[in-house]
Amino acid sequence: MLSKRLSGIEESATMKMGSLAKKLQAEGKSVLNFSLGEPDFKTPGHICEAAKRALDLGYTHYTSSAGIGELREAIAEKIREENKVDVSAENVIVTPGAKQAIYELMMGVLDEGDEVILLDPAWVTFESAVKLAGGNPKWVKRLEEGVKYESLESVASENTKMIIINSPNNPVGYVLSDNELKEIAEFAVDHDLLVLSDEIYEKIIYGRKHVSIASFDGMQARTVIINGFSKTYAMTGWRIGYAVAPTTEILEGMLKIQQHSVSCAPSIAQSAALTALSSPQDCVKEMVEQFKRRRDVIVKRLSEIGLRCLNPEGAFYAFVNTSNYGNDMELTERLLKEAYIVVTPGSAFGVAGKDYVRFSFAASIEDILEGMGRIEKMF
Ligand SMILES: Cc1ncc(COP(=O)(O)O)c(C=O)c1O
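Read on for an overview of the structure. Bear in mind the structure is a predicted one, so any value in this text is a computation, not a measurement.

For strand β7 (residues 223-228), a buried count of 6 out of 6 residues is recorded, marking the element as mostly surrounded by other parts of the structure. Of the two faces of β7, both are covered, the one formed by Thr223, Ile225 and Asn227 as well as the one formed by Val224, Ile226 and Gly228. Here β7 runs beside strand β8 (residues 241-244); their pairing, made up of 4 bridges, is antiparallel. Looking across to β8, one finds that Gly228 is bridged to Gly241.

The interhelical angle for the contact between helix α4 (residues 98-109) and helix α8 (residues 248-261), taken along N-to-C directions, is 115°, at an axis separation of 8 Å. Comparing their axes, α8 and α4 come out roughly perpendicular. Crossing geometry of α4 relative to α8 is assigned as right-handed. Where α4 approaches α8, its residues Gln100, Ala101, Glu104, Leu105, Met107, Gly108 and Val109 are matched on the opposing element by Ile250, Met254, Ile257, Gln258 and Ser261.

Burial analysis of strand β5 (residues 160-166) places 6 of its 7 residues in the buried class, the great majority of the element. Pairing between β5 and strand β6 (residues 194-198): 5 bridges, direction parallel. Across the sheet, the residue bridging to Asn166 is Asp198, located in β6. In the classification by handedness, the crossover that spans β5, the intervening helix α7 (residues 178-190) and the parallel β6 is right-handed.

Take the packing of aromatic side chains next. By the definition in use, this model includes 13 aromatic pairs. With 5.7 Å between their ring centres and 90° between their planes, Tyr149 and Phe187 make a pair best called edge-to-face. A residue pair is termed long-range when its members are at least 10 positions apart, and Tyr149 in helix α6 (residues 149-153) and Phe187 in helix α7 qualify at 38 residues. Neither residue differs from the other here; Tyr149 and Phe187 are each classed as buried. Here the aromatic cluster, defined as three or more aromatic residues joined through ring pairs, consists of Phe41, Tyr201, Phe291, Phe316 and Tyr317. Its end group placed over the ring of Tyr174, Arg142 keeps NZ or CZ at 3.9 Å from the ring centre.

Pairing is mixed across the open sheet formed by 7 strands, whose spatial order is β2-β8-β7-β6-β5-β3-β4. At either margin of the open sheet sits one strand with a lone partner, and together these are β2 (92-95) and β4 (136-141). Geometrically, the sheet is characterised by an average inter-axis angle of 20° between neighbouring strands, direction not taken into account. This element, α8, spans β2, β6, β7 and β8 of the sheet and lies at about 20° to β2.

Reading guide: rules and limits
- Residues numbered from 1 in each chain as written.
- Predicted model: local features only at pLDDT ≥ 70, side-chain atom pairs only at ≥ 80, totals over all residues.
- Heavy atoms only, no water.
- Buried < 20%, exposed > 50% of the residue type's maximum accessible area, 1.4 Å probe, protein only.
- Helix = DSSP H or I, 4+ residues; strand = E, 2+ residues; numbered from the N terminus.
- Pairing = 2+ DSSP bridges.
- Axes fitted to C-alpha atoms, helices over the stretch in contact; angles between N-to-C directions.
- Parallel < 35°, antiparallel > 145°, perpendicular 65-115°, else oblique.
- Left-handed = near helix turned anticlockwise from the far one by under 90°.
- Contact = heavy atoms within 4.5 Å.
- Right-handed = clockwise from strand over helix to strand, strands pointing away.
- Phe/Tyr/Trp six-rings, centres within 6.5 Å; stacked < 30°, edge-to-face > 60°.
- Lys NZ or Arg CZ within 6 Å of the ring centre and 35° of its normal.

Honestly, it's all geometry; don't read function into it.
Now the structure itself:
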């Protein structure tokens, strides 16, 4: 009964591991879940209050499909001021989560057989969204080594239409250097490509500065910035994200898909998001400080146990090399069976991840210490 389109699409590995953790917890097992990319903090109180106000005021109907005007304005202002990209509200589409924005972009611009360059390993949804839209992913390895013009060139063809970047990165935690961004930008201009720049972790960054590729010379015209509120404001369940498109053509293409699929992002979440953006950002600072503390603890404990990972410079994932203990699937299974620890196998993110597992450290310090203790005992 299923379409051919679905034949190459896997279930989301991160969501699958998360469900497994919840199932084991429901059975009464003392499970530690390091699989989900979800802040464990509550959504800050003032944002929740804004949602309650929106309910009381009766903002419970469809909004205009691209999002409420004030929110689109506030997002455009944020992009101009923080990301140094000269856009207006007309460039912004508010979506039910960044994921929907990615899906709409793929469905809006890709034709059957178009090729899209992905940096391996990459967050699971990029590959699936490309394939669902009929595109072919082309992988370039970017694990510890940087991205170079020549490596991008080696997979380019006349069918290449887009390159996807994600910095700070899920699952590795790297932040692309200015030099890498420059090479990617030059490559995109030379080959007349669109760039999808997923900047959802821009605020969750440790000691580095986030730079949007759209701010490079000539790049605004070909970059679609994807961002959202899930990670920065601990709002995963609110389903609210956005895209900033370079042209009316692309924005209107995405809008058509939004109109005929979800109509608009949730009205109450949009009101809350407007408050999130326009209020003081102390809550973000506090959460990022805690993520940094957790990053420091997990990296130290992992290395004491003999598990090596790159020091994450952003996002909340440690991508841990498993070579001393078998491949990713073997270690994932062992951690689950022997220590009731749930992680995500690295191969879910691309071939380059096959000797890695991803630990999300969006978990309490207590859980991180308990988990590392269990692993130490297991080894
Ligand atoms: C790189 C990246 N982009 C987008 C998302 C999804 O964001 P949203 O909750 O806004 O759909 C995630 C979630 O894991 C992510 O890691």
